[in-house]
Structures are given as C-alpha cells and as structure tokens.
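Residue-level structural notes
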Amino acid sequence: MVWHKTIPNHRRITFHLQRDTHRRTSDQQHPLIHIDNHTSKTKVVFYLRGVTMVSLIKFFTALLPLAALPSTEAFSPSTQSHATSTTSSRSQHINTGTRRAASKSSQRNSSSQSNEAAFTGFANVGFLILAGGTGSRMKANMPKQFLQLRSAPVLHYSLDLFLEKLPSYCTQHNLSPPAHVVLVLDPKYQPEYQPILDKYKHKLAFANPGAERQGSVENGLNKLVQLAGPSCEFIAVHDSARPLVTIPEILAVVSDALAHGAAVLGVPCKATIKESEDGVFVRRTIPRSRLWEVHTPQVVKIEALLRGFEKVARESLEVTDDVSIIEALGEPVKLTRGEYTNLKITTPEDMDVAEAILVERGQGDIRLL
C-alpha cells in the first residue's frame, strides 16, 4: 500500500506499507518505522509484524496529522525508532515520568492550558505538606510517611519535589518558584528532620499537627501567613502519603486555582459505587459518570479558607478535605484532571504499586542531605 502527502513547504512524503517476514515475539504487535530523507521527499516505510487491520487504521489515523506540520521535523532521522518514541522538544526539560503526565494533562485540561499560558509562577502560593498522620491501616511500626520507598522515606518524595524539582523547573522555565513550604510534623519527629530544615531554612518551616486534618491545615496556614505575610494569597495543601504527584499536575491545579479561586486534582471514578444505609443491603447505585476521586494538592485562596474555617466552627460542620470548606461557603471549586498514578499510600499493597510506578518512570535516588 502506498500513498503520498505534500506538506506546506512543498516537501513530499511517501508512505509505504510493507509486511515484515522476520517476526519477533517481543514486538509482534508493534509496527516499525523506517525513514529515508532526501532533498525533496521523505519516504516512510511501515513494517508490519502481526498487527491487525483495526490497529493499523488507528495507527495511521493518529499519524496522518503529522503530515500537516509546516516542516518535516516529525520525520527527521532522529526519530528512526519504534512508533512510541518521544519527539516533542517540550518534554526534553522534564524527566521521563513527568513527560508522560504532561502529555496526558495537556490533552485533558483545555481550561488549564489557557490558564497556564498566562501562568507566571508560584510567587503568591505557599505549599503545605501534611505529615502528621499515624497511618494505622498500614499495620507498620511507624507512620506510613516514614516507611522506606525505594531510596528514601515516603515523605522525602514530597519534600524533594517542592524544595528541589519544582524550583529547578521554575528556574528553567522563567517561573517564580514557591517561596515557602510548611511541613506539618509531629514534634517527636521534628528533631530527626531538623538537618533538612537547616539546609532549607529560608524555605522550609515546621508546624504542629492538630487533632484532625482541619486543625493541621489551620496550624500550617497560620505558620505560612507568619512567614510570608500578605504576599501569599493561595495555599496548596498536599498529603505526604501521595509521593507520586508530578510537576504538570501541580502546574495545572495551581493555574486553575488562580483562575477560579479554588481547585483540586482528581480523576473520574472507575469503580462502581453502591450506597448502603446499614452496610448489609444495597440502597442504590450512584451514577459513576458524576463521581470523581479527589487527590492532592488542593489549592485554595487563603482569604476564602479563613472564612470557611469560621463557618465550619460556627455551624459545627463536618468536612473531610480542604475544598469541602470552600464548598460549604457555596463557592466554586475547579476539578483539575490529574493522573491515576497519584495514589495515596494507605495499605502495604500500595507500597508495591508505588515502587513499580517509580521504576517505570526511571526515578533516581532521593538525597535531601
């Protein structure tokens, strides 16, 4: 099968479809590409190895838009590899795992894309890491945030992200980095983390946990306001038990919060959810299309959060997360689509899944000291 495409710079691309008789077990389901570049035309040969006609149609449908590009960069010799090779120059500044999340986030968050176009950084955003929980469901001899996950404790992945990786990304992309990070940590563990605080003493500070999540957030917020003053208008609250959140997710949710006042990372719920009043019989099935599983960071305007704290205390309301407080005020909360990989470490099995994701991303060692 042969067909041609002439692109705007009058360079002619010829597509050839050929069957490869040298089948290899490991790649029988993946077409391969061979590219010959000449001065006036480009020849692209697709070698088929056990692929179905349906998969071919999908494959070519996805490829055809590349022929409409104003140049032949998509078919340069550097792309002579499997069809899954990455060619976007944007992704060269982000690590392997971040590239994957960036691609998905950019496709799914059209509103976030428009917000991000005017995004200048985190100068008015403070970050709060919650690490005061006990993690009783882990059945471990220590809180889950201190359990070893490959090269470092779970908590260190969030610290490394907000103190090292995100500031480095901001420097590379001319964005203002986060000015302050507050770590909500039980006082008995603070001496162990004092060397890290000393290293980042102008950026990192401790706050004590409260009896419940809301109290911990309130304590952390007070410390953040004390450090940053009125220059900090938004707070991004992140659970330390979520070590796999990515920079593109953070950019998207902060951009949405700046535009709407509050935003939360989340993903559409994949499970079928049943409601029961007694835990014995099903009352009804809740439509899955309306359900989202929310993650962190959750980003909120500080002024609104303070008003929400007052309302919750005055009316004795029960809230389970940070944006619930904004919902109680009747104000909008933007859903920012995140990644399913941003899981929360809750059970021993979650540690195995998290490690597998880190291996797949090619995550290097975490060294804060």
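Here the structure is shown first, and the text comes after it.
Residues numbered from 1 in each chain as written. Predicted model: local features only at pLDDT ≥ 70, side-chain atom pairs only at ≥ 80, totals over all residues. Heavy atoms only, no water.

**Overview of a nonpolar patch on the surface**
- Together, Trp292, Val294 and Leu335 make up an exposed nonpolar region whose accessible area comes to about 220 Å².
- Here Leu335 shows up in strand β15 (residues 334-337). (Patch = residues over 30% accessible without salt bridge, like charges linked within 9 Å, V, L, I, M, F, W, Y side chains within 5 Å. Areas by Shrake-Rupley, 256 points an atom, 1.4 Å probe, with all protein chains shown as cover. Salt bridge = Lys/Arg side-chain N within 4 Å of Asp/Glu carboxyl O. Helix = DSSP H or I, 4+ residues; strand = E, 2+ residues; numbered from the N terminus.)

**So, the pairing of strand β8 (residues 181-185)**
- Counting buried residues in β8 gives five out of five residues, a clear majority hidden from the surface.
- Of the two faces of β8, both are covered, the one formed by Val181, Leu183 and Leu185 as well as the one formed by Val182 and Val184.
- Two strands pair when backbone bridges link them, and strand β5 (residues 125-131) and β8 are joined in this way by five bridges, in the parallel orientation. Note that in β8 the partner of Ile129 across the bridge is Leu183.
- Two strands pair when backbone bridges link them, and β8 and strand β9 (residues 204-207) are joined in this way by four bridges, in the parallel orientation. Paired with Val184 across the two strands is Ala207, which belongs to β9.
- What joins β8 to β9 is helix α5 (residues 190-199), and the crossover it makes is right-handed. (Buried < 20%, exposed > 50% of the residue type's maximum accessible area, 1.4 Å probe, protein only. Pairing = 2+ DSSP bridges. Right-handed = clockwise from strand over helix to strand, strands pointing away.)

**Some words on the environment of Thr336**
- Among the secondary structure elements, Thr336 is positioned in strand β15.
- The sequence separation of Thr336 and Ser255 amounts to 81 residues, and the corresponding C-alpha distance is 9.5 Å.
- At a separation of 2.6 Å, a polar atom in the side chain of Thr336 contacts the side chain of Asp256. (Polar contact = N/O pair within 3.5 Å; in protein donor to acceptor, adjacent residues only side chain to side chain.)

**Regarding the sheet that holds β9**
- Pairing within the open sheet is mixed, and its seven strands lie in the order β9-β8-β5-β10-β14-β11-β15. In the strand order of this sheet, the two ends are held by β9 and β15, each with one partner. Strand-to-strand, the axes of this sheet are offset by a mean angle of 30 degrees, without reference to chain direction.
- Strands in contact with helix α4 (residues 154-172) are β5, β8, β9 and β10 (234-239); relative to β5, the strand with the most contacts, it is inclined by about 165 degrees.
- Sitting on the sheet, helix α7 (residues 247-260) is in contact with β5, β10, β11 (262-268), β14 (292-301) and β15, with an inclination near 135 degrees to β11. (Axes fitted to C-alpha atoms, helices over the stretch in contact; angles between N-to-C directions. Contact = heavy atoms within 4.5 Å.)

**What about α4?**
- End to end, α4 covers 26 Å across 19 residues, agreeing with the expected 27 Å (1.5 Å per residue, within 8%).
- The largest bend in α4 comes to about 45 degrees, at Leu161.
- Counting buried positions along α4 gives 14 out of 19 residues, so the element sits mostly inside the fold.
- Two residues or fewer past α4, Asn174 is found with a positive phi of approximately 55 degrees. (Expected span 1.5 Å × (residues − 1). Bend = angle between axes of the 7 residues up to and from the residue.)

**Topic: the environment of Lys274**
- Along the chain, the position of Lys274 falls in strand β12 (residues 273-275).
- Taking C-alpha positions, Lys274 is 9.2 Å from Pro287, a pair spaced 13 residues apart along the chain.
- Setting aside residues no more than four positions away along its own chain, Lys274 makes contact with Val282, Arg284 and Thr285.
- For Lys274, the side chain forms a polar contact with the side chain of Thr285, separated by 2.8 Å.

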